[in-house]
Amino acid sequence: MDFLRPAGWEEALAAKAEHPAAVPIAGGTDVMVEINFDHRRPEHLLDLNRIGELSEWEVGRESVRLGASVPYSAIMEHLRSELPGLALASHTVASPQIRNRGGVGGNLGTASPAGDAHPALLAAGCEVEAASVRGTRMIPIDAFYTGVKRNALEPDELIRAVHIRKADGPQQYSKVGTRNAMVIAVCAFGLALHPETRTVRTGIGSAAPTPVRAKEAEQFLNAALEEGGFWESGRIITPSIARQFAALAAGACNPIDDVRGTARYRRHAVGIMARRTLGWTWEQYRGAGRTLEGAA
Ligand SMILES: Cc1cc2nc3c(=O)[nH]c(=O)nc-3n(C[C@H](O)[C@H](O)[C@H](O)COP(=O)(O)OP(=O)(O)OC[C@H]3O[C@@H](n4cnc5c(N)ncnc54)[C@H](O)[C@@H]3O)c2cc1C
């Protein structure tokens, strides 16, 4: 196995163009597991760790440009107010050691339906900056996940950064696992309120072949909040709206039975998490300490 160690971004792109099958390695928390278990034996590993810019971020007026290798621990420490959903999701990843190494670029590279960054990215809204020697393109997150552990990257492309919309309202992330740390999600749910556009966005993890949004649930809730004047009044969301939102979110799942949980359990849990995250975010939005009227 050859180890390619480009000193800069252009060199990395040239190496990927020359060896499209080369496997990039950032934190290595997915790649090394695959190699150690002999699931993968690539001819070339492309080490991205000498490229400093991949571990940097920039906070712009509307979005955060997050370098592909920024570790979860940095997101938790420095970007909590700009990216609260992603910071909460980062908190649930594995252990401090893994959070110091692993990052969003690697989560996107693996594109596992269980990756914790995905529901938060889908809910916040973001674009993936993909580059090759041919140029740069922005891939909307909704078009990024193309199948089980498959993504929209071309063989010669690398992820340079992720452009994530800064939070304009409360965001939440909820994950069900078999214990509280060091677990891959049985299922997960991210929710972001966008008061500026009076919309709600969601992300579901580990309950379909790819991370998905609960689009029907979003549409229903957007209409219900608009028609009821909830955004202006900030009044409590009625239990029937919360229940219908939860049912539609559960309906957006297309899960399987596996060692971590049954399809039935996953659908049920996603519904519960949808209702809870709606309750939490809406309470934050209202700035009050009350809970959803009778919806618990
Ligand atoms: C013990 C343990 C526990 C874990 N727990 C969780 C968990 O709770 N939640 C969770 O989501 N994940 C978990 N993981 C998986 C892993 O930590 C995450 O997926 C992490 O985000 C991977 O990031 P990385 O930088 O280590 O990626 P790497 O392992 O370096 O790379 C992962 C994939 O992305 C590709 N890649 C990396 N960077 C780029 C780039 N710039 N451009 C294109 N492709 C790229 C690689 O080629 C590879 O296919 C766990 C892993 C371990 C070992």
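Residues numbered from 1 in each chain as written. Predicted model: local features only at pLDDT ≥ 70, side-chain atom pairs only at ≥ 80, totals over all residues. Heavy atoms only, no water.

Caption draft 1: Here's a closer look at the overall build of the protein chain. Within the protein chain, the regular secondary structure consists of 11 helices and 13 strands. Since a compact globule built from 296 residues should have a radius of gyration of about 19 Å, the 19 Å found for the protein chain is in line with a globular shape. Overall size of the protein chain, expressed as C-alpha extent along the three principal axes, is 60 × 45 × 30 Å. In the protein chain, which comprises 296 residues, the share counted as buried stands at 55%. Looking at the protein chain alone, contacts between residues at least 24 apart form 62% of all its contacts between residues at least 6 apart. Per element, the accessible surface of the protein chain, about 13500 Å² overall, is 49% carbon and sulfur. (Helix = DSSP H or I, 4+ residues; strand = E, 2+ residues; numbered from the N terminus. Rg over C-alpha atoms; globule rule 2.2 N^0.38 Å. Buried < 20%, exposed > 50% of the residue type's maximum accessible area, 1.4 Å probe, protein only. Contact = heavy atoms within 4.5 Å. Areas by Shrake-Rupley, 256 points an atom, 1.4 Å probe, with all protein chains shown as cover.)

Caption draft 2: View of helix α10 (residues 239–251). With 13 residues, α10 should cover 18 Å at 1.5 Å per step; its first-to-last C-alpha distance of 18 Å lies within 8% of that length. Every buried residue of α10 is listed here: P239, I241, A242, F245, A246, L248, A249 and A250. On its buried side, α10 packs onto β12 (187–194), β13 (199–205), α8 (215–227), α9 (230–233) and α11 (263–286). (Expected span 1.5 Å × (residues − 1).)

Caption draft 3: Just the pattern of salt bridges, in detail. Following the criterion strictly, the structure yields 16 salt bridges and no others. With its nearest N and O atoms 2.7 Å apart, the salt bridge here joins E157 to R137. Residue E157 is found in the loop between β9 (150–151) and β10 (158–165), and its partner R137 is found in strand β7 (residues 135–140); the two are separated by 20 residues along the sequence. Owing to a relative accessible area of 33%, R137 belongs among the partly exposed residues under this scheme. For E226, the salt bridge goes to R198, with nearest N and O atoms at 3.7 Å. With E226 in helix α8 and R198 in the loop between β12 and β13, this residue pair connects regions lying 28 residues apart in the sequence. If you follow the salt bridges from partner to partner, you end up with D142, R201, R213 and E218 in one network. (Salt bridge = Lys/Arg side-chain N within 4 Å of Asp/Glu carboxyl O.)

Caption draft 4: Representation of the packing of helix α4 (residues 84–91) against helix α7 (residues 117–124) within the structure. Taken N-terminus to C-terminus, the directions of α4 and α7 make an angle of 175 degrees; their axes are 8 Å apart at the nearest point. What the angle tells us is that α4 and α7 run roughly antiparallel. Residues G85, L86 and A89 of α4 form the contact with α7, whose participating residues are A117, A120 and L121. In the contact of α4 with α7, the residues fall into 5 nonpolar, 1 polar and no charged. (Axes fitted to C-alpha atoms, helices over the stretch in contact; angles between N-to-C directions. Parallel < 35°, antiparallel > 145°, perpendicular 65-115°, else oblique. Nonpolar A, V, L, I, M, F, W, Y, C, P; charged D, E, K, R; others polar.)

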